[in-house]
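Residue strings, one per chain:
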Amino acid sequence: MRDTVHSPPAIVPAGRKFTGSDRRAPLREGLQSCGEYHAGQTAGRFYPIACVALEVTQRCNLDCTLCYLSDRAEMTYDPPLSVLFARLKTIYSHYGTGVSVQLTGGDPTLRKVEDLEALCREIKRLGMRSCLMTNGIRTSRAFLTRLAAAGLDDVAFHVDMTQERKGFTSEVELNTVRRAYIRRARGLGLRILFNTTVFEGNFDDLPALARFLRDRPEVAFVSFQMQADTGRGVLRERPEMITQDSVARSIEAGYGAPLHFGTAAVGHSKCNSYASVVTAGGRAVSLLSNQPLVHRVMAALEGVDDNQDAHIRIRPKVGRMIQRHPLLALRALGHLGMSVARLGTGLLRGPVRRQAVFIHNFMAADQLEEDRCASCVFMVATANGPLSMCVHNAQRDMHLASPDRLDGPTGPSWWNAAVPRLSNGPDLPELSDPALAPMKRLKGQMRALRQARKDAS
Ligand code: SF4
């Protein structure tokens, strides 16, 4: 551990802003400028952004060793609903319908369930998708049932050894928690996702964890996020053993099949690796094994997509693609059939499901790469509009202190995370100094540092 807390860089590049009528153009141009807009690129071609995080609180009921929150985060106030609604409107104005809005934090379940219901309803009303990003501790069946009824689309559970949950010594033991969460969420019409931070402490468990997730037909999406030196967590630099390649090989070992991460891209190749598989009864087969075919299908879909103004809606486009390219459609259908057939005896043991596998490579706060930030597919809603998640993590306190301006019938009002409610004037206080906070308000490096000083004195 360092003996001082992490200092974010003073100047960092921001994401591109939407200015024209083609919502996908800014991301496409960002990817083109760094040579990442190739035949397998889906970002900027089929959607204007992969997802946008709406941080509804900075509080959390855990203290992960790789937390991306800041030292000041625990001393802030939650944004009022009016501020969150205004940010949703901004997300919509940038990216249109279909974008996935991640209700996140901190842990969003520390907000009142009524607030989360209101946000789910508003996201639905705007034609976007909602995803609850949570450690799952407070997500009872009743809680998830209420959110599903309010329109929640996805729930993403973050479970891993960085959380230091009491009584668990490995990712395999944590599967008990994962099973319980699946039971709480299944049958509610929610897509179930799992997030895992990859670090030295669980690297050897990755194949077993991947196998476990492969064999859960309820799980639609699994994401592995590589350790990054950002935020308040006490673990810092990523060990050399953790690379995009080594993580991909470990996941493939668990899935028992090559996953062809290089075929289709979601944004910059140094940021994200994507695979799509069919699974059944303890077997998995990659759907992206035939790269030329995948790229031809993508080109054909692009050719029948006449609305650049939002996320592509694949299903109606498939019908038109079949009409225009019947031979290609037949080949794609044949490939799908062959992939399912290769599940072999797995077909006798369980249902056939599609699962997406994602590896995410966040950047260290002091090593931001401008081209990746400018072609980021994973944004955070801030007072000043959407911003790359890596940039936001590197300068979180600056954005928490930056005021949102709301224009109402009686004039403007302002809010920042240092105040509990809207203010009539724009002169808002600075965030509290964590050096002055009581021990119980501290987490991550600040708590460890304070504890170490206490122990030494
Ligand atoms: S958040 Fe960071 S790592 Fe992720 S896509 Fe954006 S720039 Fe890349």
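Here is a short report on the structure shown in this document. Here the residue numbers are simple positions, counted from 1 along each chain's written sequence. Totals for whole chains, interfaces and linings use all residues, but because this is a predicted model, local features are given only for residues with pLDDT of at least 70 and pairs of side-chain atoms are given and counted only at 80 or more. The basis for every side-chain value is the complete set of heavy atoms in the structure, and neither hydrogens nor water enter the calculation.

1. Things to note about the site of the ligand
Line of reasoning, step 1. Definition of nearness: a residue and a molecule or strand are near each other if at least one heavy atom of the residue lies within 4 Å of the molecule or strand. The full set close to the ligand counts 13 residues, and Cys271, His360, Asn361, Cys376 and Cys390 are the nearest of them.
Line of reasoning, step 2. In this classification, Asp, Glu, Lys and Arg are treated as charged, Ala, Val, Leu, Ile, Met, Phe, Trp, Tyr, Cys and Pro as nonpolar, and every other residue, Gly included, as polar. Split by residue class, the shell around the ligand holds eight nonpolar, four polar and one charged.

2. Structural notes on the pairing of strand E9 (residues 353-360)
Line of reasoning, step 1. Burial classes: relative accessible area under 20% of the type maximum marks a residue as buried, over 50% as exposed, and values in between as partly exposed (1.4 Å probe, protein chains only). Secondary structure elements follow DSSP: runs of H or I of four or more residues count as helices, runs of E of two or more count as strands, with numbering from the N terminus. Burial analysis of E9 places six of its eight residues in the buried class, the great majority of the element.
Line of reasoning, step 2. Paired strands, as defined in this entry, are two strands with at least two bridges between them according to DSSP. As paired strands, strand E7 (residues 272-280) and E9 are joined by eight bridges and run antiparallel to one another. In the sheet register, Tyr274 faces E9, and the bridge partner there is Phe358.

3. A few points about helix H7 (residues 244-255)
One full turn of an α-helix is made of 3.6 residues, so residues set three or four places apart face in the same direction.
Line of reasoning, step 1. Taking 1.5 Å per residue as the helical rise, H7 with its twelve residues ought to reach 16 Å, and the 16 Å between its terminal C-alpha atoms agrees with that figure.
Line of reasoning, step 2. Of all twelve residues in H7, nine are buried; the element is thus mostly enclosed.
Line of reasoning, step 3. Along H7, the residues that are buried comprise Gln244, Ser246, Val247, Ala248, Ser250, Ile251, Glu252, Gly254 and Tyr255.
Line of reasoning, step 4. By definition, residues are in contact when any of their heavy atoms lie within 4.5 Å. Tucked inside the fold, the buried residues of H7 contact strand E5 (191-198), helix H6 (206-214), strand E6 (219-226), E7, strand E8 (283-286) and E9. Working rule for helices: expected span equals 1.5 Å times residues minus one.

4. Observations regarding the environment of Leu336
Line of reasoning, step 1. By secondary structure assignment, the location of Leu336 is in helix H10 (residues 326-341).
Line of reasoning, step 2. Residue classification places Leu336 among the partly exposed positions, given a relative accessible area of 40%.
Line of reasoning, step 3. For Leu336 and Gln244, which are 92 residues apart along the polypeptide, the C-alpha to C-alpha distance reads 27 Å.

5. Examining the packing of aromatic side chains
Given two aromatic rings, one states the distance between the centres and the angle between the planes to describe the pair.
Line of reasoning, step 1. Pairing of aromatic rings covers Phe, Tyr and the six-membered ring of Trp, with a centre-to-centre limit of 6.5 Å; geometry is then stacked below 30 degrees between planes, edge-to-face above 60, and tilted otherwise. Under the criterion given, the structure shown has four aromatic pairs.
Line of reasoning, step 2. Where Phe157 meets Phe194, the ring centres are 5.6 Å apart and the plane angle is 40°; that geometry is what we call tilted. Here the residue Phe157 occupies a position in strand E4 (residues 154-158), and Phe194 occupies one in strand E5, the gap between them amounting to 37 residues. No difference in accessibility class separates Phe157 from Phe194, as the two residues are buried.
Line of reasoning, step 3. Placement of a charge over a ring requires the Lys NZ or Arg CZ to be within 6 Å of the ring centre, with the centre-to-atom vector within 35 degrees of the ring normal. The positively charged end of Arg216 is found above the aromatic ring belonging to Phe212, 4.2 Å away from the centroid.

6. A look at the pairing of E8
Line of reasoning, step 1. With four bridges joining them, E7 and E8 adopt antiparallel strand pairing. Within E8, the residue paired with Thr279 across the bridge is Ala284.
Line of reasoning, step 2. With antiparallel pairing between neighbouring strands as the criterion, E7 and E8 make up a hairpin whose turn holds two residues, including Gly281 at a positive phi of roughly 45°.

The values are spatial; any link to function lies outside them.
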